[in-house]
Amino acid sequence: MRLRRLIGFNLLSAFVLGVGGYFLGHWVGTRLSAGMDSQIGTDQNDVAFFMGFLFALLGWLIGLGFFNYPVARMMGRPPSLREKEEAGAGRYFRLCTDHKVVGLQYFVTVLLFFMIAGLNAMFIRAELITPNETLWNANQYLSLVSLHGTMMLMMTSAAILGPFANYFVPIMIGARRMAFPRLEALSFWLVPPAGLILLSAVALGGFPTGWTGYAPLANEARAGMDAYIFAFGLIGLSMTIVGTNMIATVLTMRAPGLTWNRLPIFVWGVITTSMLMVLAAPVLFSTLVMLTLDRTADTSFFLASAGGSPFLWDNLFWFFGHPEVYILALPGFGVVLEILPVFARKPLWGYRLAVAGMVGVAVLSFMVWQHHLFVSGINADLRPFYMLTTELISIPTGFIFLNGLGTLWRGRIRFTVPMLFALAFFSNFLIGGLSGVFLSDVPSDVTTHGSYFVMAHFHYTIMGGLVFALFAATYYWLPKMTGLQFNEVLAKVHFWMMFVFFNFTFAPLFAAGMLGMPRRVSIYAPRLQGINIFVSISAFLLGVSMLIFLINLVYSMVIARKPAEANPWQSRGLEFQLPTPVPVTNFETTPVIQADPYDYGVPDAVPVAALRPAAAPVAGGGAT
Ligand code: HEM
Ligand SMILES: [Cu+2]
């Protein structure tokens, strides 16, 4: 019986068909391109690699059963109900259309790839203990940095929306599912092949371009570049699907009474992120297709030698790339503003301002991309415009800080672990944002571009912002998702170690950058060794703090298994009014929303929703 469960449409078959598909595709590709003569002149057959990845993807999706439904419909047969299965651990290893299963699948997958990319960071810091080449040669080092950066960017794109929006957006809006459950499952199942294909770059000799894939280097690079292109393309596809699905869900599936100004602020964060995903991710995808054609079909979009322009890549990439950095920031805004009122026991201060801030950031983020190209030979007259628009972004971003401060002001603050992470978000993101202003000033960017200053800047925004928000969300919501509590002592140790050593790692790098230490090379001026030793030691301890999180996760969720309460934080959020674990259909009947989500400390506050029949006691406004 056990054995029979293994055979069928599941993760195992997906692996087998994926690997088989790769070799079949490679063979087909070799045949297809026989006699073709590549303009790029790498001694490798890129057609074969692309066909390999394509067939691997198809095999993977067939193995999971993504084609069962369309095929059954085409043949006039009733579709299988397995993907709607309601119980059993097997659901987590298969195509499953329950949004709560998809959320947990995302959580585990993103965490696994984060660990791999984090390990790369440790290798990088080990090399940088000395000012000259020690552990890796220049090419290996560049590949390490590229793999680390690309993997991190791919995973952070999915890190909050994947687990938490999939799980909680339907619940928060009083729905039973997402608008497109099969697409929701597809958006998730594209992530593991993307991660694995990117990792396969190691076997193909790595790739030298970092996450930005700059031409003409990308045109000349060997087969590892194909892995970058295909993997990042899959993430672009996945982001487009996620964005579409989230927008459709919130537009069409809100419960009665859930007006736009009662929408939880986290959902606003998701909506604005989704807008960016839908508009920016297809640009990434198309740009990668152009690069693919350059490498396989003898086009020359980015090849200056054949009439193309590498500058076109820079523009197209950053037209996606800058909105992308806000795809990473906005979900974090949503998470921290969602959490702050719960632990300050006060209404969210300036709800409308927060929404305006998020929308403002989203709109402006499409008007600033050339700040990445200030020193790439852009028309000098364009610089002031992009400098101004970039600096303008600080205004809507500042709204979010005002909301945070206003909410904390005279609150009854409880320093729980999610709250600590949310507060740290503000201090880290402030440093990240302020350093951004220095980068958007052309005169200072001219000296800091390409240095560790930029590196420190975006780690403060992405790690200090998004990753801290991710942990805030994890400690806040994971107990609801799994029904199990975290060990609080370990959680606090994790927080303090992470907060201290995150700052110890990245703050000195601003100085290193100012002193002229360049990004992406393993050698630096010997006088900077002191800073680098300090940073490397801090980085290892930052790595240890991640291990403490992992230990806590395994200990709390697998070994100790202490059941979590239904509403451990006395939150008014609709998701916490449901029993733990959340029933498969979420709500027995459609809830009717009757109050604002953040009426904490408001006398006689009405519960957020009338649940008919009430599924669990509803926290009143005054509860502490
Ligand atoms: C007030 C807000 C911000 C401003 C004014 C700002 C400004 C800038 C500027 C001008 C650069 C280009 C520097 C150079 O390469 O010379 C830059 C780079 C970067 N920023 Fe920001 N930024 C802001 C917020 C953010 C946020 C929220 C994120 C991500 C969550 C972010 C992520 C990045 C990344 C990843 C790069 C480097 C890209 C690369 O070259 O690999 N920034 N920022
Ligand atoms: Cu930017």
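Just so it is clear, the structure is predicted and the values come from calculations on it, not from any experiment. (Residues numbered from 1 in each chain as written. Chains lettered and ligands numbered in written order. Predicted model: local features only at pLDDT ≥ 70, side-chain atom pairs only at ≥ 80, totals over all residues. Heavy atoms only, no water.)

Draft legend 1. Representation of helix α6 (residues 138-159) in the model. The first and last C-alpha atoms of α6 sit 31 Å apart over 22 residues, in line with the 32 Å expected at 1.5 Å per residue. The element α6 is extensively covered by neighbouring structure, given that 18 of its 22 residues are classed as buried. Two or three places before Asn 139, at the opening of α6, Asn 137 has a side-chain oxygen 3.0 Å from that residue's backbone nitrogen. (Helix = DSSP H or I, 4+ residues; strand = E, 2+ residues; numbered from the N terminus. Expected span 1.5 Å × (residues − 1). Buried < 20%, exposed > 50% of the residue type's maximum accessible area, 1.4 Å probe, protein only. Polar contact = N/O pair within 3.5 Å; in protein donor to acceptor, adjacent residues only side chain to side chain.)

Draft legend 2. Highlighting the pattern of salt bridges. All told, the structure shown has 5 salt bridges when counted by the stated rule. Notably, a salt bridge pairs Asp 46 with Arg 295, separated by 2.9 Å at the nearest N-O pair. Here Asp 46, found in helix α3 (residues 46-64), pairs with Arg 295, found in helix α12 (residues 265-296); they are 249 residues apart in sequence, far enough to count as distant. Each of the two residues, Asp 46 as well as Arg 295, counts as buried. With a closest N to O distance of 3.8 Å, Asp 596 and Arg 262 form a salt bridge. Highlighted residues: Asp 596 in the loop between β1 (592-593) and β2 (609-610) and Arg 262 in the loop between α11 (224-252) and α12, separated in sequence by 334 residues. Judged by its relative accessible area of 35%, Asp 596 falls in the partly exposed class. Using a relative accessible area of 22% as the deciding quantity, one classes Arg 262 as partly exposed. Several salt bridges converge on common partners, so that one network encompasses Asp 46, Asp 226 and Arg 295. (Salt bridge = Lys/Arg side-chain N within 4 Å of Asp/Glu carboxyl O.)

Draft legend 3. Here's a closer look at the coordination of the copper ion (ligand 2). Looking at the copper ion (ligand 2), one finds its protein donor set to be His 322 (ND1), His 371 (NE2) and His 372 (NE2), positioned 1.8 to 2.0 Å from the metal centre. Within one chain, the residues donating to the copper ion (ligand 2) are spaced in sequence as H-x48-H-H. Between the copper ion (ligand 2) and the iron atom of ligand 1 the interatomic distance amounts to 4.7 Å. Placement of His 322 in helix α13 (residues 310-344) and of His 372 in the loop between α14 (351-364) and α15 (383-392) is noted, with a sequence separation of 50 residues between them. His 372 matches His 322 in its accessibility class, with the two residues each being buried. (Donors = N, O, S within 2.8 Å, 3.2 Å for Na, K, Ca; no water.)

Draft legend 4. Summary view of the site of ligand 1. In the region of ligand 1, 23 residues are neighbours, and Trp 211, Asp 445, His 449, His 457 and Arg 519 sit closest. The separation between an oxygen atom of ligand 1 and a polar side-chain atom of His 449 is 2.6 Å. Ranked by residues supplied to the shell around ligand 1, first place goes to helix α17 (residues 417-440) with 6 residues. Per-class residue counts for the shell around ligand 1 are 12 nonpolar, 9 polar and 2 charged. (Near = heavy atom within 4 Å. Nonpolar A, V, L, I, M, F, W, Y, C, P; charged D, E, K, R; others polar.)

Draft legend 5. Highlighting the packing of helix α8 (residues 181-189) against α11. Between α8 and α11, the shortest axis-to-axis distance is 9 Å and the interhelical angle comes to 150°. Comparing the axis directions of α8 and α11 gives the class roughly antiparallel. Note that α8 runs across α11; the crossing there is left-handed. Along its contact with α8, which presents Leu 183, Glu 184, Leu 186 and Ser 187, the element α11 presents Ser 238, Ile 241, Val 242 and Asn 245. Residue composition of the contact of α8 with α11, by class: 4 nonpolar, 3 polar and 1 charged. (Axes fitted to C-alpha atoms, helices over the stretch in contact; angles between N-to-C directions. Parallel < 35°, antiparallel > 145°, perpendicular 65-115°, else oblique. Left-handed = near helix turned anticlockwise from the far one by under 90°. Contact = heavy atoms within 4.5 Å.)

Draft legend 6. Just the coordination of the iron atom of ligand 1, in detail. Donation to the iron atom of ligand 1 from the protein comes from one atom only, His 457 (NE2), at 2.1 Å. Its location among the elements puts His 457 in helix α19 (residues 452-482).

Draft legend 7. Structural context of unusual backbone geometry. Geometrically, the link from Ala 215 to Pro 216 is a cis peptide bond, its omega value of 0° lying close to zero. With respect to the secondary-structure elements, Pro 216 resides in the loop between α9 (191-200) and α10 (217-220). Cis geometry is adopted by the peptide bond preceding Pro 581, which originates at Thr 580 and carries an omega value of -10°. Phi is positive for Arg 561, close to 50°, though the residue is something other than glycine. One can find Arg 561 in the loop between α21 (529-560) and β1. On the accessibility criterion, Arg 561 (49% relative accessible area) is partly exposed.

Draft legend 8. Fine view of the packing of α13 against α17. Between α13 and α17, the shortest axis-to-axis distance is 9 Å and the interhelical angle comes to 130°. Relative to α17, the element α13 lies oblique. When the axes of α13 and α17 are compared, the crossing they make is left-handed. Along its contact with α13, which presents Ala 329, Gly 332, Phe 333, Val 336, Leu 337, Ile 339, Leu 340, Phe 343 and Ala 344, the element α17 presents Pro 418, Met 419, Ala 422, Leu 423, Phe 425, Phe 426 and Phe 429.

Draft legend 9. Examining the packing of aromatic side chains more closely. For the coordinates displayed, the defined rule picks out 59 aromatic pairs. Between Phe 302 and Trp 313, the aromatic rings sit 5.3 Å apart at their centres with planes inclined by 90°, giving edge-to-face as the arrangement. Here Trp 313 lies in helix α13 and Phe 302 lies in the loop between α12 and α13, a separation of 11 residues in the sequence. Assessed through its relative accessible area of 0%, Phe 302 is described here as buried. With a relative accessible area of 0%, Trp 313 lands in the buried category. Over the ring of Trp 260 we find Arg 254; its NZ or CZ atom is 4.1 Å from the centre of that ring. (Phe/Tyr/Trp six-rings, centres within 6.5 Å; stacked < 30°, edge-to-face > 60°. Lys NZ or Arg CZ within 6 Å of the ring centre and 35° of its normal.)

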